[in-house]
Each structure stands twice: as C-alpha cells, then as structure tokens.
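Each chain, written out:
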Amino acid sequence: MKAAIISAEWSPRPDYAVTPEENRTHMARVGSSCWKHPSAAVATLPDPTPGPDDVILKVAAAGLCGSDLHFFETDGDGYMQYPGMARFPSVPGHEVSGEVVATGAGVKYLKPGDLVCLDDMVCCHKCEACRRGFPNQCENLDDVGFTMNGGCAELLKVPESNCWKINHLVARFGSKAKTLEAGAVIEPFTVGYNALFECAARIKPGAYATVFGAGSIGLAVIQLLRATGATKVLCFERNPGRRALATKVGAHAVHDANADPAATAAIVMAATEGAGADVQVECAGAFNSSLPAMEACAANGSQVVVIGRDPARVPVFLESYQVKKANIVGAMGNTGHGTYPNVLRMMAAGLLDPTLFITDRFPLDDFNGALKTAQSRQGGKVLLKIGG
Ligand SMILES: [Zn+2]
Ligand SMILES: [Zn+2]
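Residues numbered from 1 in each chain as written. Chains lettered and ligands numbered in written order. Predicted model: local features only at pLDDT ≥ 70, side-chain atom pairs only at ≥ 80, totals over all residues. Heavy atoms only, no water.

**Some words on the pairing of strand β16 (residues 358–363)**
The pairing of β16 with strand β17 (residues 381–385) spans five bridges and is parallel. Following the sheet pairing, D360 is matched in β17 by V382. What joins β16 to β17 is helix α13 (residues 367–375), and the crossover it makes is right-handed. (Pairing = 2+ DSSP bridges. Helix = DSSP H or I, 4+ residues; strand = E, 2+ residues; numbered from the N terminus. Right-handed = clockwise from strand over helix to strand, strands pointing away.)

**Topic: the environment of R313**
With respect to the helices and strands, the residue R313 is situated in the loop between β14 (298–306) and α11 (318–323). The spatial distance from the C-alpha of R313 to the C-alpha of N288 is 7.9 Å, given a sequence separation of 25 residues.

**Thoughts on the packing of aromatic side chains**
For any pair of aromatic rings, the description rests on two quantities: the centre-to-centre distance and the angle between the ring planes. Considering all chains together, one arrives at eight aromatic pairs under this definition. Ring centres of W35 and F88 lie 5.0 Å apart, and the angle between their planes is 80°; on these two criteria the pair is classed as edge-to-face. Placement of the pair is W35 in strand β2 (residues 35–44) and F88 in the loop between α2 (66–70) and β4 (95–103), with a sequence separation of 53 residues. Plain terms: the ring middles of W164 and Y340 are 6.3 Å apart, the flat faces sit at 5° to each other, and that makes the pair stacked. One end of the pair, W164, is in strand β9 (residues 163–165); the other, Y340, is in helix α12 (residues 339–348), with 176 residues separating them in the sequence. Three or more aromatic residues joined by ring pairs form one cluster here, namely W10, W35, F71, F88 and F146. The side chain of R13 reaches across the aromatic face of Y79, ending 3.9 Å from its centre. (Phe/Tyr/Trp six-rings, centres within 6.5 Å; stacked < 30°, edge-to-face > 60°. Lys NZ or Arg CZ within 6 Å of the ring centre and 35° of its normal.)

**Thoughts on the sheet that holds β14**
Taken together, six strands build an open sheet; the order of strands is β12-β11-β10-β13-β14-β15 and the sheet is parallel. Here the strands that pair on one side only, and so sit at the sheet edges, are β12 (253–256) and β15 (327–330). When strand polarity is set aside, the average angle formed by the axes of neighbouring strands in this sheet is 15°. One ladder, built from five bridges, connects strand β10 (residues 208–212) with strand β11 (residues 232–237); its direction is parallel. Counterpart to T210 in the pairing with β11 is L234. Running over the sheet, helix α7 (residues 216–227) touches β10, β11 and β13 (277–282) and is turned about 170° from β10. (Axes fitted to C-alpha atoms, helices over the stretch in contact; angles between N-to-C directions. Contact = heavy atoms within 4.5 Å.)

**Overview of the domain arrangement of the chain**
Accessible area lost upon the coming together of the parts serves often as the stated size of an interface. Partitioning the chain into structural domains gives domain 1 (2–185 + 353–385) and domain 2 (189–330). The C-alpha-based centres of domain 1 and domain 2 are spaced at 28 Å. Each partner contributes to the interface: domain 1 provides 13 residues, whereas domain 2 provides 13 residues. With both chains or domains summed, domain 1 and domain 2 bury close to 1100 Å², and 51% of this area falls on carbon and sulfur atoms. Among the residues domain 1 hides against domain 2, the three largest losses belong to L356, F357 and Q378. Together they make up 48% of the total. Applying the counting criterion to the domain 1 and domain 2 interface returns zero salt bridges. Inspection of the region where domain 1 meets domain 2 yields six residue pairs in polar contact (both at pLDDT 80 or more). Considered class by class, the residues forming the side of domain 1 that touches domain 2 number five nonpolar, five polar and three charged. (Domains from an automatic or database assignment. Buried area = accessible area lost by both parts, 1.4 Å probe. Salt bridge = Lys/Arg side-chain N within 4 Å of Asp/Glu carboxyl O. Polar contact = N/O pair within 3.5 Å; in protein donor to acceptor, adjacent residues only side chain to side chain. Nonpolar A, V, L, I, M, F, W, Y, C, P; charged D, E, K, R; others polar.)

**Section: the side chain of S97**
Positionally, S97 belongs in strand β4. Among the polar contacts listed, one links the side chain of S97 to the backbone oxygen of L180, at a separation of 2.6 Å. The residues touching S97, leaving out its near neighbours within four places in the chain, are K58, V59, A60, A61, V116, C117, L180, G183 and A184.

Set out below in structure tokens:
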C-alpha cells in the first residue's frame, strides 16, 4: 500500500540520559531530546493484515491537524519540538474515515462494506485510569497516527472497538463520498464535546460563550455551543480566513484576536450587556492572551475550558475565580463517555456539519503539499482524499 511516512533521525542529545530501554525501543520519555530532522515522503509499505480483533479499513479521507504539524516544528538544533511518544518512521493520520475491507476472526460488530470513522485513542482498558473511568488518561495509551501507524495511507489496521459506523450518515449528507469526507472530520467535534460536556460542568442552554481560536476544534466548538442553545457565541481569531469560517459555522460575532486581554474582555462585556461569558473555550493555545481575557470577562459560574496546548505558564488571579464561583477546566482527548455516539447522533440530526469547514483537498501523493497548506494555518480542515 501507499502511505505518507514521517522519518526522523534517532540522535539523543549528548546531555540526555538515554536509557537502554529507550535505545532499544526508540520510545523516548522526552522525544524532543532524541528525534531530529523530520521529513515526510510517500512510499510503499506492506499491506497490513488484521489481528483477531482488528479491522482493515480502505481509507477514504484523512484530516491533517495541529498535532500532525507539530511533528515538523524543530528547534535551533533540528530537534522535533513535539514528537510525543511517536517512533519513526511512522505513518501519521488520526482523523480518518474509511470502509471496512477485512475483519479479524474475533470481530463482532463490523463487516466488510461498513463505513466508519475512527476513534484514534486505543486505551488499554486495564490500567487504573481506564478502570476508574478516565480512558483519556490511560497509562498505556496507543494513539493511531502517533504511536501506531495512522490513516495517511491506503489501508489502516485498527481495533474494531476504535471504529464507529457512519453508514446512517449517508441519508444525512446525501452521498457516500460526502459522508466519508465528513467522517474524517468527526474527531475535532469529539474533542470539543468531551471538553464541554464531560470535563466542564453546568453548561446550560441560554449561555453566553466565547471561543478563542477558530481552527478545526474552535469551529467544532462553535457548532456544539450553537446546537446546545448558547445564545451568544463570540469568537476571537487572528486569521481572516478562519474568522470567515467562524461566521459560516454560526458564531454570532467574530473579532480579530487582540493581544491586549483587556480590550478583548471589553468586547465581551459590551456584547453581553455587562453579564460576561458563562462558557469560555480556549482553542488557540495562546494562554497568555486568552486566559487573562477570560478571567476578566467571566460571568458568575463561568466555565473556562482549556483545550488548546501551550507550554507557557500563565499568571491567574484565583480570587476572581473564587468570588465568581468560576472554574478552570482542563480538557484532553475525545474517547469514552459516549462521546462519539452522541456526536454522531447530533450529526445525523443535522445539528453539526463538518463539511462547512473542509477547505482543502489533496491526493495522498501530494502529502507534502497538504502539509504546506495546513502549515499556513489560513483555512479550515485540510483533507487527504485517498480511496473515496
Ligand atoms: Zn486532530
Ligand atoms: Zn488504560
């Protein structure tokens, strides 16, 4: 099969105490101290064969997202800044749709011909975190497209239990082709749903909301908030193309992200007649400008939900959270808790539409072109159209 392959050089920094285990497995505790000079190319790999509980998908589409782009961000010495636990060479792609073409002997619920989307988080279901109901915190997590080969390939081997059927969405989207495009953009909605309705609390219809950042997750969050009755959704985003998409998916007002938190907060206070925002979602990974703004325009009971990633520490004045009974909520992941099936129900009911922000499509052969477009961070979702 053809696949996009990310390569990098295993070259632990001289001052990094590499363990024999790391040298053997190349799974590094601190990958940014071990992997250098990432590059991508399209090449041929052996076709995967399913284990007993696996299915093989003929990949239809794979979305590129911020975490894929992080693979190519390097420091002055050429070291990858965010390789996570990935091992190279590896196939990226965790936002995937496809058609089942083969099933292992133990597969129960899927059959060839089923259309599915992928839940990329392969939890062990054995560790303390999993068994306590924290699958997103699994201690032995495998992540398709990071620690396992992903979907930027013609074929993908994944556990049956990481697939969700989307056959029924053909009635909603009108064609198999459009359904499979939408199917590759379900993951950002599950990230948003997990943050808003599993991690946060007290999000009520009628809420005033702010969304910082209008990448795919921000755009999904805007739709989720609208679908669940937010009456004002204000979005702050630097890029004009993304601001247009935020309007398209239903934000009531969209503003250029302002580096001055006080100016941003003033916009929110004016738009809410002084009430402030009940729900505030960080999807920008720009904590030093967004968190102080959110703090300054928090309504009583405000939920400040942090999805974006940013290595910066941010000064937070906790007393303002105390006096407002406000919460800062950390959110990561998208699996478990009925998140996927509920997002799929909302999609089937017409409440969510990922096709509104698919802006660019590339063939697998032009993986590097797709990457370049995604790296410009101008538009919405960049899709690789592979087999459908
Ligand atoms: Zn993603
Ligand atoms: Zn686990």
